[in-house]
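# Topology and contacts: notes
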Amino acid sequence: MVILIVLFFLITFAAGLWTDLLWYDSIGFRTVLTTEWAVKSLLFVAGAAVTGGLVFSSLYLGYRTRPVYAPVTPQQQVLDQYREAIEPVRRLAMIGIPAVLGLLAGSASAGQWKTFLLWRNSVPFGIKDPHFHRDVSFFVFTLPWLRYVLGFLTLALIMAAIAAAFTHYIYGGLTLPGRGAQTTRAARTHLAILLAALVLVRAVSYWFDRYALSINDSRLMTGITYTDDHAVLPTKAILAVAALMCAALFIASIWTKSWRLPIVGVVLLLVTSIVVGGMYPALIRSLQVKPSEKSLEHPYLENNIEATRSAYGLNTVKVIPYRAETQASPGQLRNDAATIPGIRLVDPIVVSPTFRQLQGLKSYYGFPDALDVDRYTIGGKESDAVIAVREMRLGGIPDAQRNWLNDHTVYTHGFGVVAAYGNRRDKDGQPVFMEKDVPSTGVLPEFEPRIYFGEQSPSYSIVGAPAGAQAREFDYPDDSSASGQKTTTYTGQGGVQVGDFARRLAYTIKYRELKFLLSDAVNGQSRILDHRTPLERVRRAAPWLTTDGNPYPAVVNGRIQWVVDGYTTSASYPNSRLQDIDNATSDSITERSTSVAPITSGQINYIRNSVKATVDAYDGSVHLYAWDEKDPVLRAWSKAFKGTVQPMSDISGDLMSHLRYPEDLFKVQRMMLTKYHGTDADAFYSGQDYWKIPEDPARAGFDQPPYYLTLAMPEQTSPAFSLTSTFVPVGGDREVLSGFLAVDSDAGSVAGQRKTSYGTLRLLELPRNSNVDGPGQVQNRIESSTANAAGQSLNLSQFIANNRQTGKQLTFGNQLTLPVGGGLLYVQPIYVSSASSSAYPISAATVAVFGNQLAWGETLNLALDGLFGGNAGASAGDVGSGGGTTTPTPPPTTGGGTGSNAALQKALADIQAAYADGQAALKKGDFAAYGEAQKRLQTAIAAAIAAAPRGSVTVSPTASPTATASPTSSP
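Residues numbered from 1 in each chain as written. Predicted model: local features only at pLDDT ≥ 70, side-chain atom pairs only at ≥ 80, totals over all residues. Heavy atoms only, no water.

### Focus on the overall build of the chain
Helix and strand counts for the chain come out as 27 helices and 41 strands. Along the longest, intermediate and shortest principal axes, the C-alpha atoms of the chain span 130 × 85 × 50 Å. Summed over all atoms, the accessible surface of the chain reaches about 40,600 Å², with 57% contributed by carbon and sulfur. Of the side chains in the chain, 82 bear a positive and 79 a negative charge, and the two mean positions are spaced by 7 Å. (Helix = DSSP H or I, 4+ residues; strand = E, 2+ residues; numbered from the N terminus. Areas by Shrake-Rupley, 256 points an atom, 1.4 Å probe, with all protein chains shown as cover. Lys, Arg positive; Asp, Glu negative; His and termini not counted. Charge placed at Lys NZ, Arg CZ, Asp CG, Glu CD.)

Here it is in structure tokens:
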């Protein structure tokens, strides 16, 4: 039975190894797997041999050098019983115990394969730390490996010493009478050598612990502090020397035949470590540092600030003082006319249900709950786009149709992409699609629409068939077909061929599914597609990369490519602040989305976006492109895995045009900028200028996510695709804006060469006495505003309240911030839907805020014109009607008869009718009819104003419209 169990595990293990090798062969990354296997095997053998060898030698020597006659003592007479009990299993124990300990140690050593490879392939940074004046590569590549080796040897020697002491004690080489330990010469020599080696390793550890202080994390900073420099560093050197002396005493005990001096030495070493290593630094910290901490820590804070800004790529941030205007005036946006059309009003986290309802087509097609933002050149003009892949979702297939054949051989792939203009809406508030439907139609270049590799793909699919065989795979629904569907056969080169019996057997074992052997769906031309999500494929191809949590699709050179940003990270950059990357990359989107996740790689203090990776949605091919070719960590990994990372020059112009600055890197950088936006150590220490990331106004309790949009910063001559975020001060009763950060995210479109401006971080710093509202204050103003939209009796707060009633659902979209008109403009779309399961949000209104003024309307154009006195000076490019402002500027009066004028009376009647129709539609949740009524209302109001005789038109929702004389006109 035991043999069968062992055989089962061996066969399962072998099947797993072989299928892994076949998978890596299929994407051309075999060397990654073989290198990993080779290094893991080497470290496993070395770790197991050292630990097992030391423990075995201790057991063996302890037994072989046992005294011929055990001492005659009461203690030894008791041990005789144990020796008799041990003897039958002694040989087995002497092999089994070292083997088990060796296996455990070998497994732990194999887990350090990445640390070993970085040390083995280290390259210089060209930067020296300010204290030890050693190249940063020593701390990042060498020190982690040395510390692991020293820790491993310490543990192995402790186990060996315990095994030696136990064996000598059992067989009489070591006795413990009341006067102290007594040992034979052989036992004394054996134990003295082991303990001397252990203390010697500790001496080396003490010495290298000095360098580890450069990454020691404290309340104030990461890195060497005044206490470390003046107390801990000398202490570590003293302890290293003391440990060397202690090791010498253990060796001397071989000839002195006494343990007294070594024991005294160990006691003194312990006392020294407590007094000098613990108490002395604590006294220095309490009595010297705390009373004068600001001045004493000043040079160390400077080192920390400089190292942190360098390690996180913040040392090139362009800081721009920005005194934002707060008064809106007509035509104020004229100078920023090119920026306004780039305001992205379609919120990718809100409109996913809209995409599903309008473009899902069937229940088995799905979209992620957070869509992606990209840009495409349409008609010679670059447009921001919200894009998603229409993927196969097995959970949407009726249960009656769920079986192995359908799940793994029929429903194998999704179909096409859906893309909407980021700054457009139709007259009903729905997105305007640039690509839609099945088969795909739109303005994007022709592309292969089938999605065999995606974020929601089935765990594995079996595809392919002999030439001429009937197509089995469902392609897309087709009413013109007798069966109501089109079928297809996969013809790509992705996946692993499973036509022969041996491979089918291997996958039968791997997936524990006999149908690989029994089903006629698996034939000589079959291929298995597995490990299909873009993130998983990149992580397997480059296990040394930390991947961004949000891969995005792009139509590139006729194929759909998933783009994955890869980071090289370290937690060993000297003096750079350690940061929990999970916290830094979490925000309101990661909290409510299953398709976007924060990075969970622990703490880091160095990060670079060193690799851009792509995964082909049709054949699953993986490509890694060097993006930061100067990054020493990338260069080290490229040496370890030669030929796996392609140069930037291999990136096509089409792909380059879709590459963008990654979100997670930006999130980490903005988190560090909350404290490290300045370089003055005294200001850093006081903390009075610390910032924080504001809460998402649409989802309180979570950080506001960064937003992609097209804008021009003050020193830019033209708008650029950018990633943006805001900052507010820490503390205080009022959340005013402290800073605005934007990074140029447009890589350009030249093959193999990115724009020089790409990655430029620009930080607008507002004066400390600024009164510009932050996102939370703006949201509060929006929800309590009494501003009326033109032609509507409802003010904004009433509009919001009405659409939060039972049977309706109101959702605030992304609150965007743009530096335009010499100030900061906030724009936020409002979506409305009914509460039914089939409902979807549509854009019902847009709010614009500038300084202390607020306006809203059905479209951004109307909101901006209302905000800037009827003339914003720029066109937003969206579609719709209806607008308003907090303080509407009256339209010019014109002559047109008297109050009894027939044209005026008709216009007033049309106003009342349109208003009544709009209110009725609103109560029913018919937003298409509501939008149409608003257009009629606007037209009627304009007609009434034109017909009024130098008067104002007053519209009352409860009474008949009248015309009254007044020197001004007001809608």
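### Description of the sheet that holds strand β10 (residues 431-436)
Pairing in this open sheet of five strands is antiparallel, and the strands run β5-β6-β9-β10-β11 from one edge to the other. The open sheet terminates on both sides in strands that have one partner only, identified here as β5 (372-378) and β11 (441-442). Across two bridges, β10 lies against β11 in antiparallel orientation. From the neighbouring strand, E435 faces β11, where its bridge partner is G442. Those strands touched by helix α12 (residues 352-359) are β6 (381-389), β9 (417-425) and β10, and its axis lies near 60° from that of β10. (Pairing = 2+ DSSP bridges. Contact = heavy atoms within 4.5 Å. Axes fitted to C-alpha atoms, helices over the stretch in contact; angles between N-to-C directions.)

### Brief notes about the pattern of salt bridges
Opposite charge on two side chains permits pairing when their charged atoms draw close. Summed over all chains, the structure comprises 33 salt bridges. In this structure, R90 and E87 form a salt bridge, with 3.3 Å as the shortest nitrogen-oxygen distance. We classify E87 as partly exposed; its relative accessible area is 37%. Residue D616 pairs with R559 through a salt bridge whose shortest N-O separation is 3.4 Å. Note that D616 is positioned in strand β23 (residues 606-616) and R559 in strand β20 (residues 559-570), a separation of 57 residues in sequence. You can call D616 buried: its relative accessible area is 3%. Classification of R559 by relative accessible area gives partly exposed; the value is 25%. Salt bridges here are not isolated pairs; linked through shared partners, they connect D374, R375, D746 and K755. (Salt bridge = Lys/Arg side-chain N within 4 Å of Asp/Glu carboxyl O. Buried < 20%, exposed > 50% of the residue type's maximum accessible area, 1.4 Å probe, protein only.)

### Remarks on the pairing of β9
A regular strand carries its side chains on alternate faces of the sheet. The buried fraction of β9 is high, at eight of nine residues. Pairing between β6 and β9: five bridges, direction antiparallel. Paired with A385 across the bridge in β9 is Y421. In the sheet, β9 pairs with β10 via three bridges, with the strands oriented antiparallel. In the sheet register, A419 faces β10, and the bridge partner there is E435. Linking β9 to β10, which pair antiparallel, is a turn of five residues; within it G429 sits at a positive phi near 90°.

### Concerning a positive patch on the surface
Together, R120, R635, K639 and K642 make up a region of like positive charge exposed at the surface. Counting through the fold element by element, K642 comes out in the loop between α19 (632-640) and β25 (645-646). Residue K642 is classed as exposed on the basis of its relative accessible area, which comes to 64%. (Patch = residues over 30% accessible without salt bridge, like charges linked within 9 Å, V, L, I, M, F, W, Y side chains within 5 Å.)

### What about the confidence of the model for the chain?
For the chain, per-residue confidence averages 89 on the pLDDT scale, and residues scoring 70 or more make up 92% of the total. Predicted confidence is poor over residues 881-900, with pLDDT under 50, and the contacts of this stretch with residues over four places away or in other chains come to 66 contacts. Contacts of residues 950-971 to residues separated by more than four positions or lying in other chains number 45 contacts, the stretch itself having pLDDT below 50. (pLDDT = per-residue confidence, 0-100.)

### Some remarks on the packing of aromatic side chains
Two numbers describe a pair of aromatic rings. These are the distance of the centres and the angle of the planes. Tallied over the full model, the rule gives 48 aromatic pairs. Ring centres of Y411 and F474 lie 5.6 Å apart, and the angle between their planes is 50°; on these two criteria the pair is classed as tilted. Pair noted here: Y411 is in the loop between α13 (404-410) and β8 (414-415) and F474 is in strand β14 (residues 473-477), with a separation of 63 residues, a long-range link. This pair shows no difference in class: Y411 is buried, exactly as F474 is. Ring geometry for F850 and F868: centres 5.3 Å apart, planes at 65°, overall edge-to-face. (Phe/Tyr/Trp six-rings, centres within 6.5 Å; stacked < 30°, edge-to-face > 60°.)

### Topic: the pairing of strand β36 (residues 823-834)
With eleven of twelve residues buried, β36 lies mostly within the body of the structure. Pairing of strand β35 (residues 816-820) with β36 involves five bridges; the strand directions are antiparallel. Bridging across to β36, T817 finds its partner in Y826. Note that β36 and strand β37 (residues 842-850) share eight bridges and pair antiparallel. Residue pairing for β37: P829 is matched across the bridge by T846.

### Observations regarding the sheet that holds strand β17 (residues 527-530)
Taken together, three strands build an open sheet; the order of strands is β13-β17-β16 and the sheet is antiparallel. Two strands lie at the open edges of the sheet, namely β13 (460-463) and β16 (496-497), each paired on one side alone. As judged from the two bridges shared by β16 and β17, these two strands associate in the antiparallel manner. By the bridge assignment, Q497 is partnered in β17 with R527. The sheet strands contacting helix α14 (residues 501-511) are β13, β16 and β17, and the helix crosses β17 at an angle near 30°.

### Some remarks on the environment of S638
Positionally, S638 belongs in helix α19. With relative accessibility at 25%, the residue S638 sits in the partly exposed group. Spatially, the C-alpha atom of S638 lies 8.8 Å from that of N121, the residues being 517 residues apart in sequence.

### Describing the side chain of N121
Locating N121 in the fold gives a position in the loop between α5 (113-120) and α6 (136-170). N121 sits in the buried class, given a relative accessible area of 11%. A distance of 2.8 Å separates a polar side-chain atom of N121 from the backbone oxygen of L117. Residue contacts for N121: discarding those within four places in its chain leaves A636, K639 and A640. (Polar contact = N/O pair within 3.5 Å; in protein donor to acceptor, adjacent residues only side chain to side chain.)

### Observations regarding helix α16 (residues 534-541)
Burial within α16 is extensive, with six of its eight residues counted as buried. Of the positions making up α16, those classed as buried are P534, L535, R537, V538, R540 and A541.

### Some words on the packing of helix α8 (residues 226-256) against helix α9 (residues 260-289)
In a pair of packed helices, the angle between the axes and the distance between the axes together describe the arrangement. Interhelical geometry of α8 versus α9 gives an angle of 175° and a closest axis separation of 9 Å. One finds that α8 runs roughly antiparallel with respect to α9. Of the residues that constitute the contact of α8 with α9, the class distribution is 19 nonpolar, nine polar and one charged. (Parallel < 35°, antiparallel > 145°, perpendicular 65-115°, else oblique. Nonpolar A, V, L, I, M, F, W, Y, C, P; charged D, E, K, R; others polar.)

### A few points about the environment of T183
By the secondary structure assignment, T183 is in strand β2 (residues 182-183). Looking at T183, the relative accessible area reads 18%, which means it is buried. T183 sits ten residues away from G173 along the chain, and the two C-alpha atoms are 5.5 Å apart. The residues touching T183, leaving out its near neighbours within four places in the chain, are G173, L174, R188 and W259. Of the polar contacts made by the side chain of T183, one reaches the side chain of W259; its length is 3.3 Å.

### What about the side chain of D530?
With respect to the helices, strands and loops of the structure, D530 is situated in strand β17. One polar contact links D530 to Y511, side chain to side chain, over a distance of 2.8 Å. Ignoring any residue separated from it by four or fewer positions in sequence, one finds D530 in contact with W23, S459, Y460, Y507, K510, Y511 and R537.

### Section: a nonpolar patch on the surface
A grouping of M1, L4, I5, L7, F8, F9 and I11 is seen on the molecular surface, where their side chains present a nonpolar patch of about 770 Å² in accessible area. Within the secondary structure layout, F8 lies in helix α1 (residues 2-27). In this structure F8 comes out as partly exposed when scored by relative accessible area, which is 46%.

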